[in-house]
Amino acid sequence: MHGLSVYQITVMRYLNWPLSYVTSYIRESQLRNTGPFNLGLLRGASFTAHNLFDKSPESHVVAIHDNEYEVLTSFIHGNRLDKKPSKFELCTALNCCAKTQNPFLGSQIHAKILNLGLDQNLYINSSLVNVYAKSGAIVDAMRVFNEMESHDQVSWTSIISGLSQNGHGKEALCLFKQMLKTQVVPNSFTYVSVISGCTEQESVSKCVELLHAHVMKLGHESNKFVISSLIDNYSKSGKIDKAVILFEAFKMKDDILLNSMISAYSHNLQGENALKLFTKMHNANVSLSEHALTSVLDACGALTILQQGKQMHALVTKMGSNQNTFVIGALINMYSKCGNINEASQVFDQTLYKNNILWTSMMSAYAQSGRGLEALEIFDMMEKENHFTPDHVCFTVVLTACNHSGLLEKGIYYFEKMKSHYNLVPEVDQYACLIDLHARKGDLESARKVFDEMPYNANAVMWSSFLSSCKEYGNVELGREAAYKLFELEPNSPVPYLILADIYNGAGLWSEVRNIKKLMNENGVRKCVVGWSWVEVDNEVHVFSVGDSCHPRSEEIYFELRKINFEMMSKTVFDSFRPE
DNA sequence: GTAGGGTTAG
């Protein structure tokens, strides 16, 4: 396409960037941009390049959006001249709002649409649904959808994909079921949307096999989008075998499908297979995309094989992908998982355009290797950069770093800063970190207060972690409360019973220990967890965490079983490890 | 004649 090559040349001339860095975005534009949009791209080229040049970190993303900006500017200009926009112009403008995630302009255009009496146009309404859904305003998207008099494949798919992409897989599935009751038959787009919505959602993951059956019946098996969403779904719910069968059966394997399969292997801890597939691709001269590099680097990290990881790094350099943010992120993760934090930091330092995901990855690398203070130094460095916008994930890493290094005051400082300085509303994850911060320092009362103060229901992970701290500091009262919460939240888990018993045990409350054992029996909870055991001495029940008897450091068992003599201990330990 | 929905990554 002529327009795109001008764009490409202009960008290259201004910036002299590695080809792969620019082309990945150009490729993306080529897919998305048609018609008038390309004109915008052409006209926007030099303007865009200036922008790329001026703003550094995430400017390439902004730049692509600037073309949408161009379309929107001319739309607004026409509006100021009281020019009546056509249906087509309205659609294009809405499309740009969706891509730039601008619900504000979108709702202004929405008002104009109502004003012009075009609110029953199917094209316009699908675009509106898409604008709201892509900006996360799912309620508005639903409202537009519900107010439509008739629906077609596209409008149904728009709302279903909107729900999916906003993490409402269950609702997406519900609407899909409603769609089946109508005359409108779902197409491959619809199946991709509903299947991807069911990914990583336990409550709906069972439906995927049913959807798969639909796909087969309706003949969408030859659609690569459908197949890759199925592969992704199966692999993320641990059904790697099904993913493999789909992959093997699919004839036209393109790079995206191969990438889906490589990350499927990687997710399922089958790093060897991921590497094998990658090598096969490489030898067969399939064009290697940066996605493939990202997935295979992930696999190297998961397998902690530094040697292969380094080879991949060499390949990255050879392919000229050493400025692709995704690849760099994967390199940083790989090196840090292989314990080579210096190499990770070297990759990071050599990166010209660091976005907040990369900063976060680097911080996480330090935090995970127990270098919390250095992680925080990185955060402070980031703050000095322009265009830096830390998000929730970033703060989770910061707070975790504080947590691992026992920096309570600093943790509280960052938590407050997140709210006041960055206007972020803390999510469950960050509250969980805050609770952990207090609890690990032994300030159980303050930790308990956070449970009440936060506007969320605490989940099992939070109560479990709190319970462990109660055990650590021997707080019977709060420990009891946490354990009883967990009895409700995880009725089949023996762990909270055992920890509470351990707390009672530490406080010498033998009769309470006995009650817990009784309660466990009454509630039908089976004690089948490795590392815990009951021991009776002089008619008193004691509970111990016994560690792993096969582990070379099973001396820990001796320590935990300090109240019992050696003979009795070894008997009990081996009893508890006998397979049931 | 021109317009709307889909896969992989912290």
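Only a predicted model underlies this, so the values are computations on that prediction, with no experimental measurement involved.

### Re the overall build of chain A
Then step 1. Counting secondary structure elements, chain A contains 32 helices and two strands.
Then step 2. Taken over 580 residues, chain A has a buried fraction of 49%.
Then step 3. Taking the intrachain contacts of chain A between residues at least 6 apart in sequence as the baseline, contacts between residues at least 24 apart amount to 59%.
Then step 4. As displayed, chain A offers around 29600 Å² of accessible surface, 53% of which is attributable to carbon and sulfur atoms.

### Things to note about the nonpolar core
Then step 1. By size, the foremost hydrophobic cluster in this structure holds 148 residues, and its most contacted members are Ile 109, Ile 231, Met 261, Phe 278, Phe 379 and Phe 466.
Then step 2. Filtering out sequence-adjacent residues up to four positions away, Met 261 remains in contact with Ile 231, Ile 240, Ala 243, Val 244, Phe 247 and Leu 277.

### A word on the packing of helix α11 (residues 188-197) against helix α12 (residues 207-218)
Then step 1. Where α11 meets α12, the axes come as close as 11 Å, and the angle between the chain directions of the two elements is 165 degrees. Judged by the inter-axis angle, α11 sits roughly antiparallel to α12. Between α11 and α12 lies a crossing whose hand is left-handed. For the pair α11 and α12, contact is made by Tyr 191, Val 194 and Ile 195 and by Leu 211, His 214, Val 215 and Leu 218, respectively.
Then step 2. Grouping the constituent residues of the contact of α11 with α12 by class yields six nonpolar, one polar and no charged.

### A short note on the protein's contact with DNA strand B
Then step 1. By nearness alone, 37 residues border DNA strand B, and Ser 126, Lys 134, Asn 187, Ile 256 and His 291 come closest of all.
Then step 2. Per the 4 Å cut-off to the protein, sugar and phosphate atoms form 25% of the nearby atoms of DNA strand B.
Then step 3. In this structure, Asn 259 approaches DNA strand B through a side-chain N or O atom, which is 3.5 Å from a base oxygen.

### Points about the side chain of Ser 126
Then step 1. Looking at the secondary structure, you find Ser 126 in helix α7 (residues 122-134).
Then step 2. The exposure class of Ser 126 is buried, given its relative accessible area of 8%.
Then step 3. A distance of 2.9 Å separates the side chain of Ser 126 from the backbone oxygen of Leu 122, its partner in a polar contact.
Then step 4. Contact partners of Ser 126, with chain neighbours within four places excluded, come to Val 154, Ser 155 and Ser 158.

### A closer look at the environment of Pro 426
Then step 1. Here Pro 426 is to be found in the loop between α24 (408-420) and α25 (428-440).
Then step 2. The class of Pro 426 is buried, set by a relative accessible area of 4%.
Then step 3. Among residues more than four places away in sequence, those in contact with Pro 426 are Phe 415, Met 418, Lys 419, Tyr 431 and Tyr 456.

### Some details on helix α30 (residues 510-522)
Then step 1. The terminal C-alpha atoms of α30, which comprises 13 residues, lie 19 Å apart, in line with the 18 Å expected from a rise of 1.5 Å per residue.
Then step 2. Backbone geometry just downstream of α30 places Gly 524 in the positive-phi region, at approximately 70 degrees.

### Points about the pattern of salt bridges
Then step 1. Using the criterion set out here, one finds 13 salt bridges in the structure.
Then step 2. Note that Lys 224 and Asp 254 form a salt bridge whose closest N and O atoms lie 3.1 Å from each other. Of this pair, Lys 224 sits in helix α13 (residues 224-236) while Asp 254 sits in the loop between α14 (240-249) and α15 (255-267), and the two are 30 residues apart along the sequence.
Then step 3. Judged by its relative accessible area of 38%, Lys 224 is partly exposed.
Then step 4. With a closest N to O distance of 3.0 Å, Glu 383 and Lys 417 form a salt bridge. Separated by 34 residues along the polypeptide, Glu 383 in helix α22 (residues 372-384) and Lys 417 in helix α24 bring together distant segments of the chain.
Then step 5. Among the ionic contacts, a cluster of salt bridges with common partners joins Glu 209, Lys 239 and Lys 242.

### Comments concerning the packing of aromatic side chains
Then step 1. For the structure shown, the criterion picks out 14 aromatic pairs.
Then step 2. Relative to Tyr 497, the ring of Phe 487 has its centre 3.9 Å away and its plane inclined at 10 degrees; by these criteria the two rings are stacked. With Phe 487 in helix α28 (residues 476-489) and Tyr 497 in helix α29 (residues 495-506), the pair connects residues that are 10 residues apart, well separated along the chain.
Then step 3. Taking the relative accessible area as the measure of exposure, Phe 487 reaches 10% and is therefore buried.

### A short note on the environment of Ala 367
Then step 1. Considering the arrangement of structural elements, one finds Ala 367 in helix α21 (residues 356-368).
Then step 2. The class of Ala 367 is buried, set by a relative accessible area of 5%.
Then step 3. Sequence separation of Ala 367 and Asn 403 is 36 residues, and the distance between their C-alpha atoms is 9.3 Å.
Then step 4. Beyond its immediate chain neighbours, meaning those up to four positions away, Ala 367 contacts Ala 375, Ala 401 and His 404.

### Digging into the confidence of the model for chain A
Then step 1. Mean pLDDT over chain A works out to 79, with 79% of the residues at or above the 70 mark.
Then step 2. Element-level mean pLDDT values for chain A span from 32 in helix α3 (residues 36-54) up to 95 in helix α9 (residues 153-165).
Then step 3. Predicted confidence is poor over residues 1-65, with pLDDT under 50, and the contacts of this stretch with residues over four places away or in other chains come to 87 contacts.
Then step 4. Low confidence marks residues 544-580, where pLDDT is under 50. Its contacts with residues over four positions away, or in another chain, come to 56 contacts.

### Details of the side chain of Ser 336
Then step 1. Inspection of the secondary structure puts Ser 336 in helix α19 (residues 325-337).
Then step 2. Of the residues examined, Ser 336 reaches a relative accessible area of 17% and is grouped as buried.
Then step 3. Of the polar contacts made by the side chain of Ser 336, one reaches the backbone oxygen of Asn 333; its length is 3.2 Å.
Then step 4. Once you skip the residues sitting within four places of it in the chain, Ser 336 turns out to touch Ala 344 and Ala 365.

### Focus: the packing of α29 against α30
Then step 1. As a packed pair, α29 and α30 sit with axes 8 Å apart at the nearest point and diverge in direction by 165 degrees. Between α29 and α30, the crossing angle belongs to the class labelled roughly antiparallel. Along this stretch, α29 crosses α30, giving a crossing that reads as left-handed. Of the residues in α30, those in contact with Tyr 497, Leu 500, Ala 501, Tyr 504 and Asn 505 of α29 are Trp 510, Glu 512, Val 513, Ile 516, Leu 519 and Met 520.
Then step 2. Here the residues of the contact of α29 with α30 are counted per class, giving nine nonpolar, one polar and one charged.

### Notes on the environment of Pro 491
Then step 1. Its place among the elements puts Pro 491 in the loop between α28 and α29.
Then step 2. Between the C-alpha atoms of Pro 491 and Asn 523, which are 32 residues apart in sequence, the distance is 8.2 Å.
Then step 3. If we skip the residues at most four places from it in the chain, Pro 491 touches Leu 486 and Val 525.

Quick notes on the rules
- Residues numbered from 1 in each chain as written.
- Chains lettered and ligands numbered in written order.
- Predicted model: local features only at pLDDT ≥ 70, side-chain atom pairs only at ≥ 80, totals over all residues.
- Heavy atoms only, no water.
- Helix = DSSP H or I, 4+ residues; strand = E, 2+ residues; numbered from the N terminus.
- Buried < 20%, exposed > 50% of the residue type's maximum accessible area, 1.4 Å probe, protein only.
- Contact = heavy atoms within 4.5 Å.
- Areas by Shrake-Rupley, 256 points an atom, 1.4 Å probe, with all protein chains shown as cover.
- Core = buried A, V, L, I, M, F, W, Y, C linked by side-chain atoms within 4.5 Å.
- Axes fitted to C-alpha atoms, helices over the stretch in contact; angles between N-to-C directions.
- Parallel < 35°, antiparallel > 145°, perpendicular 65-115°, else oblique.
- Left-handed = near helix turned anticlockwise from the far one by under 90°.
- Nonpolar A, V, L, I, M, F, W, Y, C, P; charged D, E, K, R; others polar.
- Near = heavy atom within 4 Å.
- Polar contact = N/O pair within 3.5 Å; in protein donor to acceptor, adjacent residues only side chain to side chain.
- Expected span 1.5 Å × (residues − 1).
- Salt bridge = Lys/Arg side-chain N within 4 Å of Asp/Glu carboxyl O.
- Phe/Tyr/Trp six-rings, centres within 6.5 Å; stacked < 30°, edge-to-face > 60°.
- pLDDT = per-residue confidence, 0-100.

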